[in-house]
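# Structural description and commentary
Residues per chain are reported as follows:
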Amino acid sequence: MAAPEASNDKSSHKDESERKNGTGVVKQPWKQGNKQQTGQSKHQSKSGAFKGEIAELNGNVYELHNETSKANQFYRTTKAIAAYANRTMKSGNDMMNLIDNMQDIDFKAILPKRPESSGDDEIDKMILQQEVNDYVKRKKLYYENRDKLYTIIWGQCSESLQAKLKGTKAYAEYNPVKCPLALLADIKQISLKFENVTFKAFAIYDAKRALNMLYQNKQDTLHQYYLKFKDLVDALEHYGAELGTDIGLIKDVAERHGEKNIESIDHKHPSFEQYKREAREQYLAVCFLRGADRSKYGALVMDLENDYTKGTNHIPSTLAGAYALLDHIKVAQKPQRSRPGTGNGVKGTEKGEDDEIYGMVFVNKNGKQVGKDVQCFDCGGNHYRGDPECPSSKVTKHDDYLSSSTMSVAFLGAQPPEPIANKNWILLDNQSSEHIFKNPSLVSDIKNVYPQAGLLIHSNGGTQFTMHTAQHHDFGEVWFNPKAITNILSFSKLRNAGHLLSYDYHRDIYTLTFKDRQYTFRQIPEGLYVYHHGHDRLICATTVSDHQRKYTPRQIAAADKARSLYKMLGRPSERVFKYMLNHGLIQNTDVTSADVQRASDIYGPDVGALKGKTVRTTPDPVHIPTDISLPEQIRNRHKLVTLCADVCHVDGMRFLTTISRNLHFGTIEFVHSLDHDIILQAVTNVISIYAKRGFIIHWILTD
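Not measured: the values here are computed from a predicted model. Each chain carries its own residue numbering, running from 1 in the direction its sequence is written. Residue-level local features of this predicted model are given only where pLDDT is at least 70; pairs of side-chain atoms are given and counted only at 80 or more, and the full residue set underlies all totals for whole chains, interfaces and linings. Each side-chain value is worked out from all heavy atoms of the structure, with water and hydrogens disregarded.

## Some words on the sheet that holds strand E16 (residues 640-650)
Each strand in a sheet pairs with another by means of backbone hydrogen bonds, the pair being arranged parallel or else antiparallel. With mixed pairing, the four strands of this open sheet are ordered in space as E18-E17-E16-E19. In this open sheet, the two strands that pair with only one neighbour each are strand E18 (666-671) and strand E19 (696-701). Neighbour to neighbour, the strand axes of the sheet diverge by 30° on average, direction disregarded. Pairing between strands requires that DSSP locate at least two bridges from one strand to the other. Elements are defined by DSSP. Helices are runs of H or I of four residues or more, strands are runs of E of two residues or more, and each kind is numbered from the N terminus. Inspection of the sheet shows E16 paired to strand E17 (residues 653-660) by eight bridges, in the antiparallel sense. Axis lines are fitted through C-alpha atoms, for helices just across the contact stretch, and the angle between N-to-C directions can take any value from 0 to 180 degrees.

## Describing the pattern of salt bridges
Any Lys or Arg side-chain nitrogen found within 4 Å of a carboxyl oxygen on Asp or Glu counts as a salt bridge. Within this structure, the stated rule accounts for 17 salt bridges. Between Lys 493 and Glu 434 there is a salt bridge whose closest N-O contact spans 2.8 Å. One end of the pair, Lys 493, is in helix H15 (residues 491-496); the other, Glu 434, is in the loop between strand E4 (425-429) and strand E5 (436-437), and 59 residues separate them in sequence. The partner of Asp 590 in a salt bridge is Lys 561, with the nearest N and O atoms 2.8 Å apart. Here Lys 561 lies in helix H17 (residues 553-568) and Asp 590 lies in the loop between helix H18 (574-582) and helix H19 (593-603), a separation of 29 residues in the sequence. Relative accessibility decides the category of a residue: with a 1.4 Å probe and only protein chains considered, values under 20% of the type maximum give buried, values over 50% give exposed, and everything between is partly exposed. Judged by relative accessible area, which is 53%, Asp 590 ranks as exposed. In this structure, a network of salt bridges that share partners links the residues Arg 563, Arg 571 and Asp 606.

## Comments concerning the nonpolar core
Core analysis: the biggest nonpolar cluster contains 33 residues, and Tyr 62, Leu 149, Leu 165 and Ile 187 have the highest contact counts within it. Those elements that place two or more of their residues in this core are helix H2 (73-88), helix H3 (92-101), helix H4 (121-155), helix H5 (159-166), helix H6 (171-174) and helix H7 (180-191). The element contributing the most residues to this core is H4, with seven residues. Joining through side-chain atoms within 4.5 Å is the link that ties buried Ala, Val, Leu, Ile, Met, Phe, Trp, Tyr and Cys residues into a set, and such a set is a nonpolar core. Phe 288, Ala 292, Leu 325 and Ile 329 belong to the second-largest nonpolar core, a separate cluster that totals 29 residues.

Set out below in structure tokens:
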């Protein structure tokens, strides 16, 4: 079956006033009774611009590189088609995933499996049968949508591009089977000007040459340059070429990881693939920096190289890090030259007025030799900016890098040595401007952020880029990086959030107080104030009434009804119960799966369902607490104790009971008779108990 093409045959248009292409009825750009304009394609608007067959795609089309001036047309159109398929097709999310991942769904991996036994074989069979039916329906619909997607992509190709596609060797293979992935790959190659290259070595050479000669144009934004760069990298990988995987780069990465026998590094090394991936990312980051606009970022790249020569490595290790670095930096506009004699050469300034400096400042490590040509930006002295001896080393209102609101920067003052860092520590740092966590077990909902929204961390140990955020049950949204030194809390951010922080000078501890818990930060021998997550065991009890406050009375009643129905059905598993409700296997009930979920949230797992399923576990050992020291205020104010004593009888047994005034401390001791010597010994025992804690029995009152 030939691919759908644009046709100017008037007779064919008259026979089809409406034509279906798999996504619905496509309206023709003419009305019945009106003739089509001579020489105008049905894909074009009145202005002559190619718009494609689908009007809802708003002009997102595929064209040859000499037909359009739009940057990154391929990715923009592909993204628009994926969103259109997801919006208009039944089960369109499968098509969107196909485009995003550029691979078909593996239906063998999602074959229906026999469900967990619910105790009723008939119900299990019905569940399995329903899952098989859903699977068959989804697979059939998937391949139908796949053909429709091919037609949509082809209809958004210009006539010139369609002619180019028909001339490729791959066209004869993917057109009969209507494979949209192969069609997209072919379009991408042609849009990158590699469609005429047939010999593999020529193709790889041309693609690498294009990557090495790619430079950001004056009119291109940083994001447009990034997308062009990614296009070329993807084209190279499509041809099977490898970037940055030279053995020298891999050995350099291995050396930075602490490998000692560098010469023995080869493909048999257990960490070879990891080093290979890191070498590729480092190479792409350098290529991206080299191709960036030199008028904007040339000085920054030169500073990175000079810093490395001096012993400080600030060069980004990933492509995302390189993009974030360029995106965050402020670029100064080229100043206009003024008339002679106006001072520093900037129009509108007076003599002696300092130019405002923009950019990212990398403070060099202490102890490095300072060149004669080095000049401080702040005071003009022969040292690096940020040197402690600089009279202008304090941050002023003109330091745009530190006061910029357009970039996320964290400054960490604490840098514990690696051997003492512990992933269970939570470090309280008054020199950190952001919360950052390392241990994934302390946070939840870890997710990625875009490179331009990431966090650039500066400390006295170097810089680190973070593109992950997480949620903490007490501190809210925090940054997450598994390579961080430890879990760090910002003192200033806690204070600004209104959390109660207090310091006990005598005990030398900081206390962070919440409604139902406390974090105690104690000083360790290294001088850091640390809360150890493994030592202080917190027990936060939540009652049913606490959970019910989250729902309305009607929702609570529906949850009660769901729990009652659950018990009447014999307490199946929650998954089976929800499945039965969703597929109408339970008649004459208005209970929904949402009610089941609310019941689980309010009441927790059903006790009856847990019985017989819970296995015995080893209990935690009982830790005997040490004696609690008596506060000096109580001992000083109530040192003389007045004791009240009496003998009580319980089932014929006699007990000497005492209670002290003010302290309200009580004792009870069994006495087998009321003889003088026995009562005296019991009273003596009570007196000795008080004496051990420094109290003196001044009076004993009895009847």
